[in-house]
Amino acid sequence: MTTTLNPRSALALTCLLMLAVSPGARAQQEPEDADLPDSELEGTVTTPSPTDPDAAPPWKTRFGVRLAAGAPEGVGLSALIHPRRWLRAHVGATRNSLGFGARGGVSLLPLALTISPVLELEYGYYFRADYEKLLTQLHGQPTTAATGIRDVGYHQVSGSVGVEFSPSRYVTFFGGVGISYWFIEVGDAKAFIREAADDPELTARPLSIGLSSPVAKLGLLIYFN
């Protein structure tokens, strides 16, 4: 049996076939990712590139203690803080043959190596220094009670260059040499001057004496973190 289509039906059938094969209609009906599971869609998200394994890790502030021995500074124990890779600071107490004092300073570290250079700047103040031995040398004989210049204070500013050796993360040895400037304060020098001049009528203003000397030191740093 033969079926005959009229012209209008043939035109409609042709249009339907053209819509069925058109790329736009197929893209709308079958999107590219429509049949992909959620796990595969998530896997297409761009992941960040891995970090460089040779890059230095971010610096974290470190804390510890510092033990130093030197001449003429004496022996000192300080708390230290290391806030930057190239900068370290310390403050604490010190003791030498003249008395006790307080001391603080900063260390500049241009390189972070197992063996590295270090530059240090320090300031110290010593309380109630005992000058009896010094006065005995000046007089050539034991000082009298009237002399009494024993409780004096002095400032010390020093700079040094040295080397550090860090065999482990928590331990560092250091040593250095440099120069130190001393500023000695004698509040009441009348007794000493009167005795030296053998004149009880002399008067004197407070004395301030400045001098410089070489400095050398060795020490140990212990970090807690």
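Sequence order sets the numbering: in each chain, residues are counted from 1 along the sequence as written. pLDDT decides what is reported in this predicted model: residues at 70 or higher carry local features, side-chain atom pairs at 80 or more are listed and counted, and totals for whole chains, interfaces and linings draw on all residues regardless. Heavy atoms from the whole structure form the basis of all side-chain values; hydrogens and water molecules are not counted.

Undergrad: Kindly report on the nonpolar core, identifying the contributing residues and their values.
TA: Side-chain atoms within 4.5 Å are what join buried Ala, Val, Leu, Ile, Met, Phe, Trp, Tyr and Cys residues into a set we call a nonpolar core. Whether a residue is buried, partly exposed or exposed follows from its accessible area with a 1.4 Å probe, protein chains only, as a fraction of its type maximum: under 20%, in between, or over 50%, in that order. Y126, A129, V152, Y154, W182, I184 and V186 form the largest nonpolar core, which has seven residues in total. Only DSSP runs of H or I covering at least 4 residues are called helices, and only runs of E covering at least 2 are called strands; the numbering of each starts at the N terminus. Mapped by element, the contributors of at least two residues to this core are β5 (115–129), β6 (152–168) and β7 (171–186). Looking at this core, the element that brings in the most residues is β7, giving three residues. By size, the runner-up hydrophobic cluster in this structure holds five residues, among which are A68, F174, L221 and Y223.

Undergrad: Give me the pairing of strand β8 (residues 207–223): which residues, what numbers.
TA: Think of it this way: DSSP has to see at least two bridges between two strands before they count as a pair. Where strand β1 (residues 62–71) lies against β8, eight bridges are found, and the strand directions are antiparallel. Directly across from A69, in β8, lies its bridge partner L218.

Undergrad: Requested: an account of the pattern of salt bridges, with residues and values cited.
TA: Here, a salt bridge means any side-chain nitrogen of Lys or Arg that lies within 4 Å of a carboxyl oxygen of Asp or Glu. This structure, assessed with the given rule, holds seven salt bridges. Measuring nitrogen to oxygen at the nearest pair gives 3.6 Å for the salt bridge that ties R103 to E122. Here the residue R103 occupies a position in strand β4 (residues 99–108), and E122 occupies one in strand β5, the gap between them amounting to 19 residues. One salt-bridge network, held together by shared partners, links R66, E73, R103, E120, E122 and K217.

Undergrad: Describe a nonpolar patch on the surface, and please don't skip the residues or the numbers.
TA: Note on patches: the residues involved have over 30% relative accessible area and no salt bridge, like charges join within 9 Å, and the nonpolar side chains Val, Leu, Ile, Met, Phe, Trp and Tyr join within 5 Å. Here, Shrake-Rupley sampling with a 1.4 Å probe gives the accessible areas, and only protein chains in the shown set may cover a residue. On the surface, a nonpolar cluster with roughly 450 Å² of combined accessible area is contributed by W86, L108, L119, V161 and V177. Within the secondary structure, L119 sits in strand β5. For L119, a relative accessible area of 35% corresponds to the partly exposed category.

Undergrad: Residue-level account of the packing of aromatic side chains, with values.
TA: Stacked, tilted and edge-to-face pairs are distinguished by plane angle, under 30 degrees for stacked and over 60 for edge-to-face with tilted covering the rest, among Phe, Tyr and Trp rings (Trp via its six-membered ring) whose centres lie within 6.5 Å. As enumerated under the stated definition, the model contains three aromatic pairs in all. Both rings, one in Y125 and one in F127, keep their centres 5.0 Å apart while their planes meet at 75°; by these two values the pair is edge-to-face. Ring pairs connect the aromatic residues Y126, Y154 and W182, which therefore count as one cluster. A cation over a ring is seen here: R62 above Y223, with NZ or CZ 3.9 Å from the ring centre. Counted as over-ring charges are cases with an Arg CZ or a Lys NZ within 6 Å of the ring centre that also lie within 35 degrees of the ring normal.

Undergrad: I'd like a description of the sheet that holds β7, backed by residues and values.
TA: The strand order around the closed barrel built from eight strands is β1-β2-β3-β4-β5-β6-β7-β8, with neighbouring strands paired in antiparallel fashion. Strand-to-strand twist across the sheet, computed as the mean angle between neighbouring axes with direction ignored, equals 25°. Pairing analysis gives ten bridges linking strand β3 (residues 87–96) to β4, with the strands arranged antiparallel. Its bridge partner being in β4, N96 is matched across the sheet by G99. Orientation is described by lines fitted to C-alpha atoms, with helices fitted over the stretch in contact, and by angles between N-to-C directions that extend from 0 to 180 degrees.

Undergrad: Help me get a handle on the side chain of S180, residues and values and all.
TA: Residue placement: S180 occurs in strand β7. Here Q156 takes part through its side chain, which lies 2.7 Å from a polar atom of the side chain of S180. Only 3.5 Å separates the side chain of S180 from the side chain of W182, close enough to count as a polar contact. Residues within four places of S180 in sequence aside, it is in contact with Q156, V157, S158, L211, S212, S213 and V215. Polar contact is defined as a pair of N or O atoms within 3.5 Å, subject to the rule that within protein one atom must be able to donate a hydrogen and the other to accept it, and that residues adjacent in sequence are counted only when both atoms are side-chain atoms. Pairs of residues are marked as contacts when any of their non-hydrogen atoms sit within 4.5 Å.

Undergrad: Before we move on, could you go through the environment of T61 and cite the residues and values that matter?
TA: Secondary-structure assignment places T61 in the loop between α3 (38–43) and β1. Ignoring sequence-local partners within four residues, the contact set of T61 consists of I81, H82, P83 and N225.

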